[in-house]
Structure formats: structure tokens, C-alpha cells
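# Fold and contact review
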Amino acid sequence: MKSLVCVKRVPDTETRIRIGGDGTTVETAGVKYVLNPYDEFAVEAALKHKEAAGQGDVTVLSVGGSESAETLRTALAMGADAAVLLKSDRPLEGLAVARVIADEAKGREFDLLLFGMKAVDDDLSAVGPMVAELLGIPAATAVTEFSVEGGKVTAQCEIEGGSEVIELKIPCALTLTKGAYEPRYASLKGIMAAKKKPLEEKAVQGAPDGVTVQKRTYPAERAAGRIVGEGPDAVPELLRLLRQEAKVL
Amino acid sequence: MAGIFAFAESRDGELRKVAHEVVTAARTVADAMGTEVHAVLLGGPGTGAHAAELGQHGADKVFVGESGAFAHYSAEGFTTVIAGFIKEHGCDVAIFPATSMGKDLAPRVAARLGVGYVSEVTSLEVEGGSVVATRPEYSGKVFARVSFGEKPAVLSVRPNVFTATENAKAGAVETLDVSVNEADFGAIVREIKAAAGEKLDVGEAPIIVSGGRGLKEPENFKMLEELADAFKGKAAVGASRAVVDAGWRPHSEQVGQTGKTVAPTLYFAIGISGAIQHLAGMRTSRFIVAINKDPEAPIFKIADYGIVGDLFQIVPRLTEEVRKMM
Ligand SMILES: Cc1cc2nc3c(=O)[nH]c(=O)nc-3n(C[C@H](O)[C@H](O)[C@H](O)COP(=O)(O)OP(=O)(O)OC[C@H]3O[C@@H](n4cnc5c(N)ncnc54)[C@H](O)[C@@H]3O)c2cc1C
């Protein structure tokens, strides 16, 4: 079982996001970065399946600046075997990232190509299915759990109001969401071992993304909330406001 | 005149509510660009019965593709048909719903066409003849205004944001040739498991009644189910991660950074403190009501209306009053 797991360096959710002076970029100074939480599920899934099969390897891959090496080391510390950084001088998004990943994947042998369901920075949920399309392989998204048997993957996927079971031919791509794979913490031993594991860096060019952010803005401040009252006696007034002021009922 | 493409999502032969929203969004864009709306409806035999409905919501033409192979959604099959349709008919903008199906399909279509894509769009404008989309990023902490390069502009719109409107006109219906072979698909849907009782999903419900650790015990969620029921089919029960992790509620109900992103018209946060990761999933709700005994709970900072007090006293009263009203 060979897995390729794509991971991204993203701001920690607790971090305050500040828009740069140019009005389009997001400030990076003073931001705490983490391994994208959804990607942690993908790394964990790859490790679990490798352990279950008793063989194979897990390679983690990231597209980004040199700082992304840190994110790859986090995945190596969790237990991944090798890492590849596809290094770009400028930030790439969406289709551009998918193309870079697909080009790299074409030159590699893998059974599973794993992603987080989305990255918590651009919230795009697109790179996984895009890479699958560029490679011409089947994919399933929002996977909570999967099994591998006889050249096939059986994936449980979250859909509105329930779940669906999808059977995929290997090689295939899966995007993971929260489910059966609770990410492990890197042990001290893992962190030490990660320092010696191979981390290859390759410079990539990256074609245009196809979309351009013209401007970034903060959401309109929610008008200061109003405490309608205390206890159950405030209920009729709440409903009156929802009906007459908010007009939602 | 290339037109605006609208993907009309159906499941089990039934049109999804979001299909009306997608067609409505497409209608608005088409009117601003002076062009037509072409809706595509794919599914198993019989799905085409809903074509007229799409016309009423603004489609000038509805293209129906029925096939036994499409009784269940197939990313590969749908991508082939839709990308083929767009290549043949041309289109300026292709609009999908930001549902689990739409977010699986739209990026594949964009990649096949070799064009950019954005998801979860909350507002669309036409500027100098081109579409410009606004979408939340960083869990709603920032909004990005995005323009597109080569045509078509492919995007998905967030459910519940583009309120469906009806226009009197009924669109023309055409049949689409969908000669795909299921044996060619590398992925096949084997089974669909509906959540108990076919309840409304948090991702789609116009009203969400969400509960957190303040409910104390899993059994107490019965109270929230009763409140949701009082809204007569319009409300779903949601949950914070704390109660999902405790095993009180299924993950499918979790709202937040590692759960669902929701944008209902009305969101009740009951016994939920309002941690940043929870806000990440619900801050773009149209109206937020918080019920919490702690007046300092962060949830009150983003709630439109709040009641301070013990939820065990407030919720039953609320359910009673809502029942009277509905
Ligand atoms: C990587 C990561 C991802 C996460 N993802 C999510 C996510 O997707 N969704 C999510 O929700 N959280 C998420 N969290 C967890 C989040 O940080 C909070 O821990 C969680 O949201 C808290 O849930 P809660 O509000 O139900 O519980 P608590 O924070 O314990 O709040 C309970 C609230 O109930 C109130 N209360 C108690 N008793 C009563 C009563 N009788 N009447 C009225 N009010 C009462 C209390 O005043 C309190 O405000 C994530 C955390 C991390 C680190």
C-alpha cells in the first residue's frame, strides 16, 4: 500500500486574520501556522492502513514556500516515511496547485492519493477532485472511513441527511473529513526520527489559477447583539422580534 | 449568446430545494448579462418530471438527461456529460450548488475544462460583462471578491443564500443524450444510507436548533428535537463538537470547523459557548439567537438576540410558543 498524502500549511483557527495594506493579501507576520486539521485525518488514515497492511509507505507532499517544510516535518513526526515539498516562489491556489500535484503524482507509483476535505484557509474543497480529474482516476469526497481489499477501496462518505458507500478502483483519490481517524500526536521519538527522514525539495513554476482575488474585506460587523431578557419570560419578546423585526418567522 | 449553465441537483428522482436556488442565481446573472439560463437535470428514468419546475424558477431551457446509470450520482459520468454539454453549447458562467454533490462535481468539471473554480459563493455580481463572485474564507473571517479568467467561470453557491424566486414563464424542455457506460466508471455508489427518519439535514435546513454541552446529557436533546419539530419541517438539530465527541450526537450534525458550514436564516445556539471553531461553521447565518446561562459567553457577541438563563426552563417555553405560532 503506497499512499501519497497532500498536506497544507494553514493559519491556526484561533489566529486573527489581518488583511494586508494592498487590500488583497492576508498578513503572514505574527500568524501561528499548523498542519491543516482535515489533512491530519488524511495522514492518520494513511498510517492506519499501512499499519493494517503491515507493509507499504506513506509519502507526504505539500505545495508552498520553504516554510511548508515545517508542516511536512509534523506529518513525518506522526509517522509518514518521506516528504516532498513542491516549492513555489509565489502562492498558488486551486487549479494551479492541482496541476502541480498531478504532475508530481504522474511520476510516482501510488495506490491511494489522500487529501483533507478542505483547507481551513481558502475553504475551497476543490484540490482533491481536481487532481483526480487531471489524473483521470476515480475519487470520493468527504470520506469518514474506508477499507482496502482486493484492489478496491470502499469508502463511507458524508452526504446531506446521511451517508453513502462508494466503491473505487485503485489507484484512487479520497478527501477525508472527521470520522474514524483520530489524528495521533507525534511522540518525542517520532519528532526525533522525523529529523532524519528524507524531505525532498523541488522547485515548481505553476500556471495561473484561473481566478484572481481582486479584494479582500472583513465581513460586515454584526450589529451588536441584543439581550432580549432573562429566563423563560423573555421568550414571547424574542419571538415577536424574530417575527416583526428580523422577519424570519 | 452562450448562456448561463445551472446544475439542477436531484437525488432519488426528487429535485433538491437547492436546485431552485441555483436556477434563481443563474437567472439573476443572466438578466444582468442579457443572456439565457440553461439548466441541466441528470438522473435515473423519471427525473425529467421536474423540468417544468426549473422553468418556473427561471430556466429558459431545461436539458434532461435520464439514464439507469444515473440513478445514483457518478462524478465521472456527470463530469463527462456536463463538460461535454458546456463544450458543445458554450457558456459564460456555470453554477453548481455547494452541496456534497456539487462540491464533488464542480471542481472536476472545472479541471476538465481547464478553468478556475471557486466554491461557497455568497454573492454574485456582473461587472463589465463578467461575473464577480464573493465568498467567505478563513471560516468567514474574511471575504474575497474574485474575478475569473478564461470562460466559463465555474462556481458553486452556498445553500440558503440565494433565495429561490418564481417567475411565471415555463422553460422549454429538451432531451440530452447521456450514453455513458457504467462499466467505465472507476467509482460506483453502492449504497445510500439515509439518516434516521429522513430528517432535514443541518447543511440545508432554513432553521437550525443547535445544542452544546450545556444540555448536560444526551437524553436532553429530545427537548431540541421537539423544538425543531415545532417549526414544522423547517428545522434541523445541530450540535457542537463537544457533544459529538462525547458521542451524544452523530458527526453529521456537527457545526463548525471540523463539522458542517451552515448558513440558515435562523440559528439557535443553545448551551453553546461560542468557541471560535464553532463560530467558523455558523457565523454567516442570517440571524443568530443564543440561549446561555452565562452572560459573558462569547456566543452573545455574535448573536442578534440573546436570552440569558437556564435552557431547561427557556427551551420548553420556546417550544410551546413556537407551536402556538406555526
Ligand atoms: C482543531 C479543532 C477543531 C474544532 N472543531 C469544532 C467544530 O467543528 N465545532 C465545534 O462546535 N467545536 C469545535 N471545536 C471545539 C471548540 O473549541 C469547543 O471546545 C466546543 O465548540 C465547545 O462546545 P460547547 O459550546 O458545546 O461546550 P462548552 O464550551 O462547554 O459550552 C457549554 C455552554 O453551555 C452553557 N450552559 C451550561 N449549562 C447551561 C444551562 N443549564 N442553561 C444554559 N446554558 C448553559 C455554558 O454557559 C457554556 O457557555 C474544535 C476545536 C479544535 C481544537
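Heads up: these notes are all about the structure in this document. (Residues numbered from 1 in each chain as written. Chains lettered and ligands numbered in written order. Predicted model: local features only at pLDDT ≥ 70, side-chain atom pairs only at ≥ 80, totals over all residues. Heavy atoms only, no water.)

As a volume, the second largest pocket reaches approximately 1100 Å³. Listed by contribution, the elements that provide at least two residues to the lining of the second largest pocket are β3 (33-35), α1 (37-53) and α2 (68-78) of chain A together with α6 (241-245), α7 (276-282), β17 (287-292) and α9 (311-325) of chain B. Among the elements that take part in the lining of the second largest pocket, α1(A) stands out by supplying three residues, more than any other. Residue composition of the lining of the second largest pocket, by class: 17 nonpolar, 16 polar and twelve charged. (1 Å grid on protein atoms, 1.4 Å probe; cavity = no way out; pocket = protein on both sides within 12 Å on 5 of 7 lines; lining within 4 Å. Points joined across faces, edges and corners; volume = space filled by probe spheres on them. Helix = DSSP H or I, 4+ residues; strand = E, 2+ residues; numbered from the N terminus. Nonpolar A, V, L, I, M, F, W, Y, C, P; charged D, E, K, R; others polar.)

Of note, the bond from Ile170(A) into Pro171(A) is cis; its omega dihedral lies within 30 degrees of zero at 0 degrees. For Pro171(A), the position within the fold is in the loop between β9 (162-169) and β10 (172-176). That bond from Lys151(B) to Pro152(B) is cis: its omega, 0 degrees, falls within 30 degrees of zero. Residues other than glycine seldom take positive phi values, yet Asp123(A) does so here, at roughly 50 degrees. Inspection of the secondary structure assignment puts Asp123(A) in the loop between β6 (112-116) and α4 (127-135). By relative accessible area, Asp123(A) is classed as buried at 10%. (Buried < 20%, exposed > 50% of the residue type's maximum accessible area, 1.4 Å probe, protein only.)

Here the focus is the interface of chain A and chain B. In this complex, chain A contributes 78 residues to the contact, which on the side of chain B involves 91 residues. The junction of chain A with chain B conceals about 7200 Å² of combined surface from both sides, 54% of it contributed by carbon and sulfur atoms. Taken together, chain A and chain B are joined by seven salt bridges. When the shortest N-O distance is used, the salt bridge between Lys178(A) and Asp245(B) registers 2.7 Å. Taken together, the connections running from chain A to chain B amount to 43 residue pairs in polar contact (both at pLDDT 80 or more). Along the lines of polarity and charge, the residues of the side of chain A that touches chain B split into 40 nonpolar, 16 polar and 22 charged. Here six bridges tie strand β12 (residues 211-217) of chain A to strand β10 (residues 142-148) of chain B, and the two strands are oriented antiparallel to one another. Within the sheet, the bridge partner assigned to Val213(A) lies in β10(B) and is Val146(B). (Contact = heavy atoms within 4.5 Å. Buried area = accessible area lost by both parts, 1.4 Å probe. Salt bridge = Lys/Arg side-chain N within 4 Å of Asp/Glu carboxyl O. Polar contact = N/O pair within 3.5 Å; in protein donor to acceptor, adjacent residues only side chain to side chain. Pairing = 2+ DSSP bridges.)

Residue and element names in this part refer to chain B. Around the ligand, the surrounding shell holds 26 residues, and the nearest of these are Ser240, Gln254, Ser273, Gln277 and Asn292. At 2.8 Å, a backbone N or O of Val255 approaches a nitrogen atom of the ligand. A distance of 2.7 Å separates an oxygen atom of the ligand from a polar atom in the side chain of Asn292. Expressed as a share of its isolated accessible area of 980 Å², the protein-covered part of the ligand is 78%. Judged by the fraction of its atoms near the pocket grid, the ligand is located in the second largest pocket. For the shell around the ligand, the secondary-structure elements that each account for two or more residues are α6, α7 and α9. The class makeup of the residues in the shell around the ligand is six nonpolar, 14 polar and six charged. (Near = heavy atom within 4 Å. Areas by Shrake-Rupley, 256 points an atom, 1.4 Å probe, with all protein chains shown as cover. Sits in = over half its atoms within 2 Å of the grid points.)

Within a sheet, each strand pairs with its neighbour through backbone hydrogen bonds, oriented either parallel or antiparallel. Judged by pairing direction, the sheet is antiparallel, and its four strands sit side by side in the order β12(A)-β10(B)-β9(B)-β8(B) without closing on themselves. Taken across any chain shown, the strands that pair with only one partner, and hence form the sheet edges, are β12 of chain A together with β8 (123-127) of chain B. Direction aside, neighbouring strands of the sheet carry axes that sit 30 degrees apart on average. The sheet strands contacting helix α1 (residues 17-33) of chain B are β8 and β9 (130-137) of chain B, and the helix crosses β8(B) at an angle near 10 degrees. (Axes fitted to C-alpha atoms, helices over the stretch in contact; angles between N-to-C directions.)

Turning next to helix α6 (residues 235-245) of chain A. Turning to α6(A), its buried residues number three or more, namely Val235(A), Leu238(A), Leu239(A), Leu241(A) and Leu242(A). Down the axis of α6(A), the smallest arc covering the buried residues is 155 degrees, so these residues share one side. Those residues of α6(A) that are buried lie in contact with β13 (226-230) of chain A together with β16 (266-270), β17, β18 (305-308) and α9 of chain B. (Arc of directions from axis to C-beta.)

Counted under the stated rule, the structure contains eleven aromatic pairs over all chains. The interplanar angle of 50 degrees and the centroid separation of 6.0 Å between the aromatic rings of Phe5(B) and Phe85(B) together place this pair among those described as tilted. Of this pair, Phe5(B) sits in strand β1 (residues 4-8) while Phe85(B) is found in helix α3 (residues 75-89), placing the two residues 80 residues apart along the sequence. In this pair, the class of Phe5(B) matches that of Phe85(B), namely buried. Ring pairing ties together the aromatic residues Phe5(B), Phe7(B), Phe63(B), Phe70(B), Tyr73(B), Phe78(B), Phe85(B) and Phe96(B), which thus form one cluster. Cation over ring: Arg9(A) sits above Tyr33(A), and NZ or CZ is 4.0 Å from the ring centre. (Phe/Tyr/Trp six-rings, centres within 6.5 Å; stacked < 30°, edge-to-face > 60°. Lys NZ or Arg CZ within 6 Å of the ring centre and 35° of its normal.)

Note that all results are geometric; they support no functional claim without further evidence.
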